[in-house]
Amino acid sequence: MDWTSPLMVGQFIAILIMAIALGLDALSLGIGIGMRGIRKLDIIKLSFVIALFHMIMPLMGMFMGSYVSSLMGGIATKVGGALLLLLGIHMVYSSIKGEESRSIDHRTLGGLILFALSVSIDSFSVGVSLGMFAGDMALTVIMFGTVGGIMSIIGLLLGSKMGRWIGEYGEAMGGIILLAFGVHFLL
């Protein structure tokens, strides 16, 4: 596999952009938790679990998407694009609607898993879409996990220094990026 080929460079950039879009939830919610105060040990635990879920969820989605692709044939690309489009619309709508969610206690095991799942669930849908395309599964999973973990660390550390405005717009920015990829796959 030639990592300098235009195809591989393009795939790497596309996966990185999607990873950043999906990591914006972890960043924005991390800022919210960081604003309330968090210990460094909790930052490490929470970020590790988020990174792990950002790897597991798209991997499960990719396996499902690959199976669906084998059943559907040529329609799979359009279905994957439509899924990304719908996910992007949902993320933008949720951001604009602006419902406040109940606070999750990230210090308990259940709270830790629930928080990580809540910021990683959209990775499953994107994984389903990506599973319908031929791509490097290992690169995607590692990139999603690494970026999700890093963005949660950044969000948690910067939480006390930044205002709540990123939380409102972070999900919308991620949704717009997924919308763009959905439109690209549909065209």
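Residues numbered from 1 in each chain as written. Predicted model: local features only at pLDDT ≥ 70, side-chain atom pairs only at ≥ 80, totals over all residues. Heavy atoms only, no water.

**Q** Describe the overall build of the protein chain, and please don't skip the residues or the numbers.
**A** For the protein chain, the count of helices and strands is 6 helices and 0 strands. Ordering the α and β elements of the protein chain from the N terminus gives α-α-α-α-α-α. In the protein chain, buried positions account for 45% of the 187 residues. Considering only intrachain contacts with a sequence separation of at least 6, the fraction spanning at least 24 residues in the protein chain is 93%. (Helix = DSSP H or I, 4+ residues; strand = E, 2+ residues; numbered from the N terminus. Buried < 20%, exposed > 50% of the residue type's maximum accessible area, 1.4 Å probe, protein only. Contact = heavy atoms within 4.5 Å.)

**Q** Please set out the environment of G34 residue by residue, giving values where relevant.
**A** Following the sequence through the fold, G34 ends up in helix 1 (residues 6-36). According to the relative accessible area criterion, G34 is buried, its value standing at 6%. Along the primary structure G34 and L156 are separated by 122 residues, whereas in three dimensions their C-alpha atoms are 4.5 Å apart.

**Q** Talk me through the pattern of salt bridges; I want residue IDs and the actual numbers.
**A** Counted by the stated rule, this structure contains 2 salt bridges. Two residues, D42 and R39, come together in a salt bridge whose shortest N-O distance is 3.3 Å. A salt bridge links D42 to K45; its shortest N-O distance comes to 3.7 Å. Residue D42 and its partner K45 are both found in helix 2 (residues 40-72); the two are separated by 3 residues, about one turn of the helix. A single salt-bridge network, built from bridges that share partners, covers R39, D42 and K45. (Salt bridge = Lys/Arg side-chain N within 4 Å of Asp/Glu carboxyl O.)

**Q** A description of helix 4 (residues 109-131) should follow, citing residues and the corresponding values.
**A** Taking 1.5 Å per residue, 23 residues should reach 33 Å; helix 4 reaches 30 Å between its end C-alpha atoms and fits that length. Along helix 4, the helix axis deviates most sharply at V119, where the bend reaches about 40°. (Expected span 1.5 Å × (residues − 1). Bend = angle between axes of the 7 residues up to and from the residue.)

**Q** Break down the nonpolar core for me, with residues and values.
**A** The tendency in soluble globular proteins is for nonpolar side chains to be buried as a group. Counting 19 residues, the largest nonpolar core has M18, V126, L130, M143 and F144 as the members making the most contacts within it. The leading source of residues in this core is helix 1, at 7 residues. Excluding anything up to four places from it in sequence, L130 contacts M18, M62, T140 and F144. Counting residues in each nonpolar core, the second largest holds 14 residues, with I33, I38, M57 and A116 among its members. (Core = buried A, V, L, I, M, F, W, Y, C linked by side-chain atoms within 4.5 Å.)

**Q** Talk me through the environment of L16; I want residue IDs and the actual numbers.
**A** With respect to the helices, strands and loops of the structure, L16 is situated in helix 1. With relative accessibility at 29%, the residue L16 sits in the partly exposed group. Setting aside residues no more than four positions away along its own chain, L16 makes contact with M143 and V147.

**Q** With reference to specific residues and values, describe a nonpolar patch on the surface.
**A** Taken together, the side chains of I150, I153, I154, L157 and L158 define a hydrophobic patch exposed on the protein surface, amounting to about 390 Å² of accessible area. Relative to the helices and strands, I153 is located in helix 5 (residues 137-158). (Patch = residues over 30% accessible without salt bridge, like charges linked within 9 Å, V, L, I, M, F, W, Y side chains within 5 Å. Areas by Shrake-Rupley, 256 points an atom, 1.4 Å probe, with all protein chains shown as cover.)

**Q** Explain the side chain of T140 residue by residue, including any values.
**A** By secondary structure assignment, the location of T140 is in helix 5. Contacts of T140, omitting those with residues within four sequence positions, involve I15, M62 and L130.

**Q** Mind laying out the confidence of the model for the protein chain, listing which residues take part and the relevant values?
**A** Within the protein chain, residue pLDDT values average 77, and 76% of them lie at 70 or more. The lowest-confidence element of the protein chain is helix 6 (residues 165-186), averaging 67 in pLDDT; the highest-confidence one is helix 5, averaging 90. (pLDDT = per-residue confidence, 0-100.)

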